[in-house]
Amino acid sequence: MQHTIFVVEDVEATQKIYRVRLEKAGYEVRTFTRAEPCLSVLETFEPSAICIDLGLPGLTGLEALERVRRLRPDVPVIILTGEADVRACVTAMKMGAVDYLVKPVELDVLEQILRQRV
């Protein structure tokens with residue numbers, strides 16, 4: 001069974017980097033530039049994991065995380081962000097994120113986390 005990873009990232013070049021690397025690792029990847037479309041899909045489809053940027057237009061990554069936890073409480077959520085903010089990290093982890101990676105994300109580390117969680 002192929003695992004599906006959702007990537008919510010508003011910078012298309014960064015999205016592409018994640019997509020290419022994760023597809024090479026054997027995952028199916030669906031990308032979203034905003035949280036709202038991702039949350040709509042979650043109502044009918046459960047991915048293996050979700051990677052969410054904190055600084056999104058519209059709903060923030062933390063707001064999206066909160067809604068993901070309500071819709072799909074068992075889906076691992078990894079925060080990928082340019083904000084090396086301890087307070088945001090602690091908040092995200094308390095809200096149920098399984099990890100918090102600061103950009104530029106080490107793609108080997110992201111793959112390792114996904115292998116452990118899905």
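Residues numbered from 1 in each chain as written. Predicted model: local features only at pLDDT ≥ 70, side-chain atom pairs only at ≥ 80, totals over all residues. Heavy atoms only, no water.

**Student:** Residues and numbers for the overall build of the protein, please.
**Tutor:** Regarding its fold elements, the protein presents five helices and five strands. Of the regular secondary structure in the protein, the N- to C-terminal order runs β-α-β-α-β-α-β-α-β-α. Its C-alpha atoms give the protein a radius of gyration of 13 Å, near enough to 13 Å, the size a compact globule of 118 residues would have. With the C-alpha coordinates of the protein rotated into their principal frame, the extents come out at 35 × 30 × 25 Å. Taking all contacts inside the protein whose residues are at least 6 apart in sequence as the whole, residues at least 24 apart take part in 61%. Put simply, the protein shows about 6200 Å² of open surface, and 49% of that area lies on carbon and sulfur atoms. (Helix = DSSP H or I, 4+ residues; strand = E, 2+ residues; numbered from the N terminus. Rg over C-alpha atoms; globule rule 2.2 N^0.38 Å. Contact = heavy atoms within 4.5 Å. Areas by Shrake-Rupley, 256 points an atom, 1.4 Å probe, with all protein chains shown as cover.)

**Student:** Quick rundown of unusual backbone geometry? Include the residues and the values.
**Tutor:** Cis geometry marks the peptide bond from Lys103 to Pro104; its omega dihedral reads 0°. If you trace the backbone, Pro104 turns up in the loop between strand 5 (99–102) and helix 5 (107–117).

**Student:** Describe the packing of helix 2 (residues 35–42) against helix 3 (residues 61–71), and please don't skip the residues or the numbers.
**Tutor:** The geometry of helix 2 relative to helix 3 is characterised by a closest axis approach of 10 Å and an angle of 0° between their N-to-C directions. As summarised for this structure, helix 2 and helix 3 are arranged roughly parallel, according to the angle between their axes. Taken together, the residues of helix 3 that come into contact with helix 2 (itself represented by Ala35, Leu39 and Leu42) are Ala64, Arg67, Val68 and Leu71. (Axes fitted to C-alpha atoms, helices over the stretch in contact; angles between N-to-C directions. Parallel < 35°, antiparallel > 145°, perpendicular 65-115°, else oblique.)

**Student:** Which residues make up the sheet that holds strand 3 (residues 49–52), and what are the values?
**Tutor:** Pairing is parallel across the open sheet formed by five strands, whose spatial order is 2-1-3-4-5. The open sheet terminates on both sides in strands that have one partner only, identified here as strand 2 (28–32) and strand 5. Pairs of neighbouring strands in the sheet enclose a mean axial angle of 20°, with direction left out of account. Against the sheet, helix 1 (residues 12–24) contacts strand 1 (4–8), strand 2 and strand 4 (77–81), and its axis sits at roughly 170° relative to strand 2. Relative to strand 5, helix 4 (residues 86–94) is tilted by about 150°, and along the sheet it contacts strand 4 and strand 5. (Pairing = 2+ DSSP bridges.)

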